[in-house]
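Structure assessment
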Amino acid sequence: MSLTSLDGSGIFAIVIVFLAVLTLYLGVKTVPQGYNWTVERFGRYTKMLGPGLNLIVPFVDQIGRRMNVMEQVIDIPQQDVISKDNATVTVDGVAFFQVVDAAKASYEVAQLDLAIIKLTMTNIRSVMGSMDLDQMLSHRDEINERLLRVVDAAVSPWGVKVNRIEIKDIVPPANLVEAMARQMKAEREKRAEILTAEGERQSQILRAEGAKQSQILEAEGRREAAFRDAEARERLAQAEAKATEMVSQAIARGDTSALNYFVAQQYLKAFTELARSPNQKVLMLPIEATGVLGALAGITEIAKGAFDGKGPTPPAPTATRPTGPTGPAFTTAMSPPRTT
């Protein structure tokens, strides 16, 4: 059946079906997840359509803006920034934002992405221009924090929330990089020399402390030895005095054996010291044997009397000669040898 053969009722039915399909198409809207659509009635915003199936008035309402409410990222283009100390660096970055009010983001600002980019670039120049080059290179976290605070406050009337702003690269000029490398090398050499000098200084201090402690200990040792020597000499002197006293008492009692013992002891001690002399190689002593034997006999009698509980027995006149200082035995012992 051709179109020309249709009567008026058939054409009307076709028009009704077409209008029904068109009405259904214009009145039913399906919004995908992560998006919000605005509805405009005769060009004026009326409501917002959320994700899912939505109904609007066909032929009267229409879809205005399709806003992405997911978090988005935009690149901040490179730009030259002059620092506080007049160093020119090239800076770029990224910004992460999210639309929290689709109506404001649709009708409060035109070209939302471009507006955020321009606003971020302007604030990068403001924030980083107030810092020295060293601060720029070592305080990126501070720069990011200040940028985020300023830009987020500026885009808040647009229904947008800026979550993060990150500076990607800070590129100084090539000659400035070389100068910084030389400065870093000089600084490290300086620190190395300081550490070496400090180590030598500490070593010298420790050696000096050790020498001081050694001298103190040595002086204390000499002091202790002197005290011990003095004590020994004092005790020796006391013993000598006691022996002399005992000999004096024996003489007072008429006991000449004690005197012989004392003189013989001193006599032998003197020759012992002569024998110990380091410069004495040969020693000739013309001593009469009878004098020495007489002195030894007197010593024997004193010891025997001490052990037996009896007084000393004087030697027989025919056994020994007197050994006193003026006796013949003493004089003969000290006389030089005769030569014929």
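So, here's what we can say about the structure. No experiment lies behind these values; they were computed from the predicted model shown.

1. Things to note about the sheet that holds strand 7 (residues 88-99)
Strand pairs in the sheet, formed through backbone hydrogen bonds, run parallel or antiparallel to each other. Strands sit in the order 6-7-8 across an open sheet of 3 strands; the sheet is antiparallel. In the strand order of this sheet, the two ends are held by strand 6 (72-82) and strand 8 (160-171), each with one partner. Strand-to-strand twist in this sheet, taken as the mean axis angle between neighbours without regard to direction, amounts to 20°. Bridge count for strand 7 against strand 8 is 10 bridges, and the pairing is antiparallel. When the sheet's bridge partners are listed, valine 94 is paired in strand 8 with glutamate 166. Helix 3 (residues 112-129) contacts strand 6, strand 7 and strand 8 of the sheet and is inclined by roughly 35° relative to strand 6.

2. Observations concerning the nonpolar core
Grouped together as the largest cluster of nonpolar side chains are 35 residues, with contacts concentrated most on Val91, Leu112, Ile116, Ile124, Met128, Trp158 and Val160. Every element with two or more residues in this core is listed here: strand 6, strand 7, helix 2 (102-107), helix 3, helix 4 (133-138), helix 5 (140-155) and strand 8. Counting residues per element, this core draws most heavily on helix 3, at 8 residues. Sequence-distant contacts of methionine 128, defined by excluding residues within four places in its chain, comprise Val81, Ser83, Val91, Met136, Ile143 and Ile170. Val31, Val39, Ile56 and Ile63 belong to the second-largest nonpolar core, a separate cluster that totals 6 residues.

3. Considering the sheet that holds strand 3 (residues 44-49)
Here 3 strands make up an open sheet; going across it, the order is 3-2-5 and the pairing antiparallel. The open sheet has two free edges, formed respectively by strand 3 and strand 5 (61-68), since each of these has just one partner strand. Averaged over all pairs of adjacent strands, the angle between their axes in this sheet comes to 30°, without regard to strand direction.

4. Topic: the pattern of salt bridges
Opposite charge on two side chains makes pairing possible when the charged atoms of those side chains draw close. Counted by the stated rule, this structure contains 7 salt bridges. Residue arginine 222 pairs with glutamate 218 through a salt bridge whose shortest N-O separation is 3.2 Å. One end of the pair, arginine 222, and the other, glutamate 218, are both in helix 6 (residues 174-252), 4 residues apart, so they sit about a helical turn from each other.

Calculation notes
- Within each chain, residues carry numbers counting from 1 in the order of the written sequence.
- Owing to the predicted nature of the model, reporting of local features is limited to residues with pLDDT of at least 70; listing and counting of side-chain atom pairs is limited to 80 or more, with chain, interface and lining totals taken over all residues.
- Excluding hydrogens and water, the side-chain figures rest on all heavy atoms present in the structure.
- DSSP calls a pair of strands paired once it identifies at least 2 bridges connecting them.
- Strands are runs of DSSP state E lasting at least 2 residues, helices are runs of H or I lasting at least 4, and numbering of each runs from the N terminus.
- Lines fitted to C-alpha atoms define the axes, with helix axes restricted to the stretch in contact, and inter-axis angles between N-to-C directions lie between 0 and 180 degrees.
- In what follows, a contact means two residues having at least one pair of non-hydrogen atoms within 4.5 Å.
- Buried Ala, Val, Leu, Ile, Met, Phe, Trp, Tyr and Cys residues form a nonpolar core when they are joined through side-chain atoms within 4.5 Å.
- Throughout, exposure labels follow a simple rule: accessible area from a 1.4 Å probe, protein chains only, divided by the maximum for the residue type, with under 20% read as buried, over 50% as exposed, and the rest as partly exposed.
- Just to be clear on terms, a salt bridge is a Lys or Arg side-chain nitrogen sitting within 4 Å of an Asp or Glu carboxyl oxygen.

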